[in-house]
Amino acid sequence: MAGGQIRRLESGKLPWQVAYYDNGKRRRKCFRTRIEADEFAVSVQVDARSGDMAVTADERMLLARMRREAGRLGVSMVEVAERILDGLRASTPKTVSVTDAQTAFIADCEKRGLRMATLTQYRRYVSELTTMFDGRNVSEITRAEVFEWLMARYQDDASRRFARTAVLVWLRWCEHHGMCTGWEKPMSWKMRRTDERRISIFTPSQFRSVLDAAPDSIRSGLALMGFAGIRPEELVSASKARVLRWDDIEFKDRVVHIPGAVSKVRAYRALTGIPDNLWTWLKPGRGNVVGCNMRNFRASRKRAALAAGLAVWPKDVLRHSFASYGFHVLGAEHTIEILGHTNPRMFFRHYKGAASKADAEAWFAINKQ
């Protein structure tokens, strides 16, 4: 490429023209000012060699502009180039497999001391997603693919929301660590409106039969669920999460303490004024109140239900039963306090007319014989 020759044209918006040779061909380029023309003419005087050292005319123009801006800002061209390269490196996702990204994410969560229940949720949903995309890099996964997996994997909106929360936390963590991009936007869909069903509760005779058939390892836990509304997740865990222990229960003052580390909603609450019949089912001990893991708890509960003539165990049936019967015997305000509810309207909508006063009195008269 030969050096350029400058001449002024008689008319036109770009009056300064540079004539030069590029690969044996004569070319011309016009500019608005003489300074721009001079800079380009100087740039094309550099001999363009082969390979990585080859520089096109447009690249020389860009270099000239960069040199001018660098001079104005008081920095060198080398520093400008390094900043550009750093920006390109930062914007280019790292090549990390979904399996390695999941392992690193869980390790970071453990290092930051996340609750065991949160870790269990992250492991479950992120593992399901990475199994689906096994062999892929995180940067290759698209929002459309994750959305399609979410819609196909779960049929109800509640489960989809739980899964969405976990996988987006993971993917945004990956984005923060330079493994992928494009996950900051929310992921939403049109929620389906479904007819609300009446809650399921046990009759006093059904619960009496369940308690009689239950083994010692879970009987006290079932009593706490049915007569104090304690959630099953607060008594038994699928992981090593903290659950209710015997030393959380004060027998002398008849108080059940639910630590924040045990509570499903992470809020401490002290249960007082619990019906007297509960205490007939409790006996001080050591360790966890429920003496088995989640799998064995569910298996034992199922066997007790079958022995009582119950084919299914409805979700949260004992907590619903306590709330429904507590409305009549303990009063709405005290029952809400024990449950730890924050929305009284939900309590009245579900439990106000769910049971009779006679059945409520029979429920809290279930004593251990």
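Provided above is the structure to which this section pertains.
Residues numbered from 1 in each chain as written. Predicted model: local features only at pLDDT ≥ 70, side-chain atom pairs only at ≥ 80, totals over all residues. Heavy atoms only, no water.

*Asks:* Please explain the sheet that holds strand 3 (residues 25–31) as it appears in this structure.
*Replies:* Strand pairs in the sheet, formed through backbone hydrogen bonds, run parallel or antiparallel to each other. A sheet is described by the order of its strands in space; here 3 strands give the open sequence 1-2-3, paired in antiparallel fashion. This sheet does not close on itself; its edge strands, each paired only once, are strand 1 (5–8) and strand 3. Recorded for the sheet is a direction-independent mean angle of 25° between the axes of neighbouring strands. Examined bridge by bridge, strand 2 (residues 16–22) and strand 3 share 7 bridges and lie antiparallel to one another. (Pairing = 2+ DSSP bridges. Helix = DSSP H or I, 4+ residues; strand = E, 2+ residues; numbered from the N terminus. Axes fitted to C-alpha atoms, helices over the stretch in contact; angles between N-to-C directions.)

*Asks:* Help me understand the pattern of salt bridges in this model?
*Replies:* Pairing is possible between side chains of opposite charge, provided their charged atoms come close. Inspection of the entire model under this criterion finds 16 salt bridges. Note that Glu128 and Arg153 form a salt bridge whose closest N and O atoms lie 3.2 Å from each other. Highlighted residues: Glu128 in helix 5 (residues 116–132) and Arg153 in helix 6 (residues 143–153), separated in sequence by 25 residues. Judged by its relative accessible area of 40%, Arg153 is partly exposed. For Arg160, the salt bridge identified is with Asp157, shortest N-O distance 3.4 Å. (Salt bridge = Lys/Arg side-chain N within 4 Å of Asp/Glu carboxyl O. Buried < 20%, exposed > 50% of the residue type's maximum accessible area, 1.4 Å probe, protein only.)

*Asks:* Whenever I open this one, the sheet that holds strand 5 (residues 255–258) confuses me. Can you help?
*Replies:* What the 3 strands build is an open sheet, ordered 4-5-6; its pairing is antiparallel. Because the sheet does not close on itself, it has two edges, and the strands there are strand 4 (249–250) and strand 6 (269–271).

*Asks:* Any chance you could explain the nonpolar core here in plain terms?
*Replies:* General note: in soluble globular proteins, nonpolar side chains tend to be found buried as a group. If you look at the biggest cluster of nonpolar residues, it comprises 56 residues, and the most contacted ones within it are Leu222, Leu224, Phe227 and Val256. When residues in this core are grouped by element, the largest group, 7 residues, is from helix 9 (residues 216–228). What Val256 contacts, discounting residues up to four positions off in sequence, is Leu224, Ile230, Leu244, Asp248, Ile249, Arg269, Ala270, Leu271, Ile274 and Trp279. One finds Tyr125, Ile141, Ala166 and Trp173 within the second-largest nonpolar core, a separate group that totals 32 residues. (Core = buried A, V, L, I, M, F, W, Y, C linked by side-chain atoms within 4.5 Å. Contact = heavy atoms within 4.5 Å.)

*Asks:* What should I look at first to understand the pairing of strand 2 in this one?
*Replies:* A regular strand carries its side chains on alternate faces of the sheet. Along strand 2, 6 of the 7 residues are buried, which leaves the element largely enclosed by surrounding structure. The pairing of strand 1 with strand 2 spans 4 bridges and is classified as antiparallel. Note that in strand 2 the partner of Ile6 across the bridge is Val18.

*Asks:* What exactly am I supposed to notice about the packing of aromatic side chains here?
*Replies:* Here a ring pair, both rings aromatic, is described through the centre-centre distance and the interplanar angle of the planes. On inspection of all chains with the given rule, the structure shows 15 aromatic pairs. An angle of 65° between the planes, with centres 5.6 Å apart, marks the rings of Phe105 and Trp173 as edge-to-face. Of the two residues, Phe105 sits in helix 4 (residues 98–111) while Trp173 sits in helix 7 (residues 157–176), which places them 68 residues apart along the sequence. Both residues of the pair, Phe105 and Trp173, belong to the buried class. The interplanar angle of 90° and the centroid separation of 5.2 Å between the aromatic rings of Phe202 and Trp313 together place this pair among those described as edge-to-face. With Phe202 in the loop between helix 7 and helix 8 (204–213) and Trp313 in the loop between helix 11 (294–307) and helix 12 (317–329), the pair connects residues that are 111 residues apart, well separated along the chain. With respect to class, Phe202 is no different from Trp313; both count as buried. Every member of this aromatic cluster is reached through a ring pair, and the members are Phe207, Phe227, Phe322, Tyr325, Trp363 and Phe364. (Phe/Tyr/Trp six-rings, centres within 6.5 Å; stacked < 30°, edge-to-face > 60°.)

*Asks:* Looking at this structure, I do not really get the side chain of Ser300. What am I missing?
*Replies:* Structurally, the position occupied by Ser300 is in helix 11. Polar side-chain contacts of Ser300 include one of 3.3 Å to the side chain of Arg303. Dropping the residues within four chain positions of it, Ser300 is found in contact with Pro215 and Ile218. (Polar contact = N/O pair within 3.5 Å; in protein donor to acceptor, adjacent residues only side chain to side chain.)

*Asks:* Looking at this model, I keep getting lost on unusual backbone geometry. Mind explaining?
*Replies:* What is expected of a backbone is that most residues other than glycine have negative phi and most peptide bonds are trans. Non-glycine residue Arg254 carries a positive phi angle of around 55°. Mapped onto the secondary structure, Arg254 falls in the loop between strand 4 and strand 5. Look at Asp316: it is not a glycine, yet its phi comes out positive at around 55°. Within the fold, Asp316 resides in the loop between helix 11 and helix 12. The class for Asp316 is partly exposed, based on a relative accessible area of 26%.

*Asks:* What's the story with the environment of Ala355 in this structure? I'm lost.
*Replies:* Following the sequence through the fold, Ala355 ends up in the loop between helix 14 (344–351) and helix 15 (357–363). Using a relative accessible area of 15% as the deciding quantity, one classes Ala355 as buried. Along the primary structure Ala355 and Tyr325 are separated by 30 residues, whereas in three dimensions their C-alpha atoms are 6.2 Å apart. When neighbours within four sequence positions are excluded, Ala355 is seen to be in contact with Ile201, Ser324, Tyr325 and His328.

*Asks:* Please clarify how helix 12 should be interpreted in this entry.
*Replies:* Since the α-helix packs 3.6 residues into each turn, any two residues three or four apart lie on the same face. Here helix 12 is 13 residues long and its end C-alpha atoms lie 18 Å apart, about the 18 Å a rise of 1.5 Å per residue gives. Counting buried positions over the 13 residues of helix 12 gives 11, a clear majority of the element. Among all positions in helix 12, only Val317, Leu318, Arg319, His320, Ser321, Phe322, Ala323, Ser324, Tyr325, Gly326 and Phe327 are buried. Against the buried residues of helix 12 lie helix 8, helix 9, strand 6, helix 13 (332–339), helix 14 and helix 15. Gly331 sits one or two residues past helix 12 and shows a positive phi near 90°. (Expected span 1.5 Å × (residues − 1).)

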